Amino acid sequence: MLVALALFPILILGDQWHSRAIVDLRDSTGRMVGLGALAVGASAALAYVFRRWPMLLPLAIVAALPFRVPLQAGGDTANLLVPLYLVIAAGVLAVAARDRRATATTGPAGPTAWLPRILAAVVVLYAVQVLYSEDFSKGLQDVCFFFVPFSLVYALLSDVNWSRKLLVAVLWVVAIEAVAFVVVGSVEYLSRSLFWNDQVIRSNEFHTYFRVNSVFWDPNIYGRYLALVAVLAMSALMWARERRDLALLTALVAIVWIGLFPTFSQSSFVALLAGLAVLAALKWSLRWTLAAVAGLAVAGVLVVLLVGGSSKLSPDRINIDTSGRANLVSGGIHLFAQRPVYGYGSGSFPKAYRQHVKTKEIPVSVSHTEPITIAAEQGLAGLLLYAALVLTALWTMAGGLVRHLSVARAAVLATFVALLVHTMAYAGFFEDPITWVLLAVGTSLAAADQRRLAACPDTSAA
């Protein structure tokens, strides 16, 4: 963990040493030294706090997940997860200082043991495939800004003792932040003005509706966050017993829905429905939930075909209705067909798309469909590991829930399914730190349940 913490900024500086942003920092040595000293000082101070009060570390990680800070240098602006990076650095320092005399312990068996191994294989494969990527810098940045630090997040959270007190505190943190974000988004909606993202500002000028993004860069990412919070709140609400809890959680769900609506993020609405379907299956009946989902799917198709005026389907019509994503998906499939085994390399989708797909359109970043992006960039090797990770994660999170229901595990499972569904329309599975947090919490809770059941022969008491 310490090596990773020291290595990834060195790799970024080495790769971008002659870029305008780094040259600008190099020309102002005082600014560079000052930023470095500030980062080290903040990390050391937080490390002391986390070592003295370990419970604050997971709360700080969860609190820092949504916040990106725009950094300007050399005429360019990068929106980085600076608060989260500082918390990660502090957490690594705190754990290294606390566990330097720790002894090895026997880990859990079954899917709970396989999940971190598969996740490690995913990270290693992505890093290796950067070496032949058609966009080396983009792939290296993905490794250094997402895969490596988020691996540290997984490591920091997987060994946490997720007590009821800590889980309730996490829910409070998420709820307070979500309400604050909704307030900001509501102000944007009422004033018809956004704080940032010129692209969304321009698009609002040509639409009959007004999309908000609150403190998030993208309305769809804002919508994803609110949808996940709504699933968490509904998880607690469906099994709440006290009137005070019922009232607070109902109010939270209502506020989050008010904030979610003006994002006009269809992918977020679908993700929310997917998460609620998981909760309905766990609470009531899997059979009737599947029937309801099938009925809604058929109704949705009929609405699109009949009410939406899309009875005459064509590639151009579908591409327009999906905001250009159909072409990105077909282009990604074309790239996969050209290199099905090993792909074009990590982070290469935008560049490979422009060079090898005959189209006038330039993709924003990825195909917006996570499996398609992985297939084009990493080939079958990456696609198989991705499928193995998803299946193992679902197995880990859902194992034993039908016989021994845990509200916390149900909430994690439903939230993970909602996030997974959202990435089918907007990608960003590995690039979202929430994914790694859910994997870590899900693994930890499943392992704790295994230990409780093993220690208690009476399963009803367990």
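Given the structure is predicted, the values throughout are model-derived calculations rather than measurements.

The rules behind these values
- Residues numbered from 1 in each chain as written.
- Predicted model: local features only at pLDDT ≥ 70, side-chain atom pairs only at ≥ 80, totals over all residues.
- Heavy atoms only, no water.
- Helix = DSSP H or I, 4+ residues; strand = E, 2+ residues; numbered from the N terminus.
- Buried < 20%, exposed > 50% of the residue type's maximum accessible area, 1.4 Å probe, protein only.
- Contact = heavy atoms within 4.5 Å.
- Areas by Shrake-Rupley, 256 points an atom, 1.4 Å probe, with all protein chains shown as cover.
- Phe/Tyr/Trp six-rings, centres within 6.5 Å; stacked < 30°, edge-to-face > 60°.
- Lys NZ or Arg CZ within 6 Å of the ring centre and 35° of its normal.
- pLDDT = per-residue confidence, 0-100.
- Salt bridge = Lys/Arg side-chain N within 4 Å of Asp/Glu carboxyl O.
- Core = buried A, V, L, I, M, F, W, Y, C linked by side-chain atoms within 4.5 Å.

*Asks:* Help me understand the overall build of the protein, please; the structure alone is not making it clear to me.
*Replies:* For the protein, the count of helices and strands is 19 helices and two strands. Going through the 462 residues of the protein one by one, you find that 44% of them count as buried. Considering only contacts in the protein between residues 6 or more positions apart, those separated by 24 or more positions represent 70%. Split by element, the accessible area of the protein, about 23600 Å² in all, is 67% carbon and sulfur.

*Asks:* I tried to follow the packing of aromatic side chains on my own but got confused; where do I start?
*Replies:* Aromatic ring pairs are defined here through the distance separating the ring centres and the angle between the ring planes. For the coordinates displayed, the defined rule picks out 23 aromatic pairs. Here the aromatic rings of phenylalanine 67 and phenylalanine 181 are separated by 5.6 Å at their centres, their planes lie at 70°, and the arrangement is edge-to-face. A residue pair is termed long-range when its members are at least 10 positions apart, and phenylalanine 67 in the loop between helix 4 (56-64) and strand 1 (69-73) and phenylalanine 181 in helix 8 (residues 164-191) qualify at 114 residues. A relative accessible area of 30% means that phenylalanine 67 is categorised as partly exposed. The exposure class assigned to phenylalanine 181 is buried, which follows from its relative accessible area of 4%. Centre to centre, the rings of tyrosine 126 and phenylalanine 147 are 4.1 Å apart; their planes meet at 20°, and the pair counts as stacked. Pair noted here: tyrosine 126 is in helix 6 (residues 111-129) and phenylalanine 147 is in helix 7 (residues 136-158), with a separation of 21 residues, a long-range link. For tyrosine 126, a relative accessible area of 4% puts it in the buried group. Classification of phenylalanine 147 by relative accessible area gives buried; the value is 1%. Members of the aromatic cluster, each reached through a chain of ring pairs, are Tyr126, Phe146, Phe147, Phe150, Tyr386, Phe416, Phe429, Phe430 and Trp436. Taking NZ or CZ as reference, arginine 117 lies 5.1 Å from the ring centre of tryptophan 114, over its face. The ring of tyrosine 189 is capped by arginine 192, whose NZ or CZ atom sits 4.4 Å from the centre of that ring.

*Asks:* Please clarify how the confidence of the model for the protein should be interpreted in this entry.
*Replies:* Where the model shows low pLDDT, its predicted coordinates should not be examined in detail. Summing up the model confidence of the protein, the mean pLDDT is 85 and the portion of residues at 70 or higher is 88%. Element-level mean pLDDT values for the protein span from 55 in helix 14 (residues 315-321) up to 96 in helix 4.

*Asks:* Is there a simple way to think about the side chain of serine 235 in this case?
*Replies:* Structurally, the position occupied by serine 235 is in helix 10 (residues 219-238). Among all residues touching serine 235, those that are not within four sequence positions of it are Leu279, Val407 and Ala411.

*Asks:* Where do I start with the pattern of salt bridges in this structure?
*Replies:* Where charged atoms from two side chains of opposite charge approach closely, those side chains can pair. Overall, the coordinates contain five salt bridges when judged by the stated rule. Between aspartate 142 and lysine 138 there is a salt bridge, and its shortest N-O distance comes to 3.1 Å. Of this pair, aspartate 142 and lysine 138 both sit in helix 7, four residues apart, roughly one helical turn. The class for aspartate 142 is buried, based on a relative accessible area of 4%. Classification of lysine 138 as partly exposed rests on a relative accessible area of 28%. Note that aspartate 432 is salt-bridged to arginine 224, the shortest N-O span being 2.8 Å. Separated by 208 residues along the polypeptide, aspartate 432 in the loop between helix 18 (407-426) and helix 19 (433-455) and arginine 224 in helix 10 bring together distant segments of the chain. The exposure classification of aspartate 432 matches that of arginine 224, with both residues buried.

*Asks:* Which parts of the structure should I look at to understand the nonpolar core?
*Replies:* Nonpolar side chains in soluble globular proteins tend to be buried together. In this structure, Ile61, Tyr225 and Phe430 are the most contacted members of the largest nonpolar core, which totals 107 residues. No other element matches the 13 residues that helix 7 contributes to this core. When sequence neighbours within four positions are dropped, the list of residues in contact with tyrosine 225 reads Pro66, Val174, Glu177, Ala178, Phe181, Phe216 and Ile434. By size, the runner-up hydrophobic cluster in this structure holds eight residues, among which are Leu328, Tyr344, Phe349 and Ala376.

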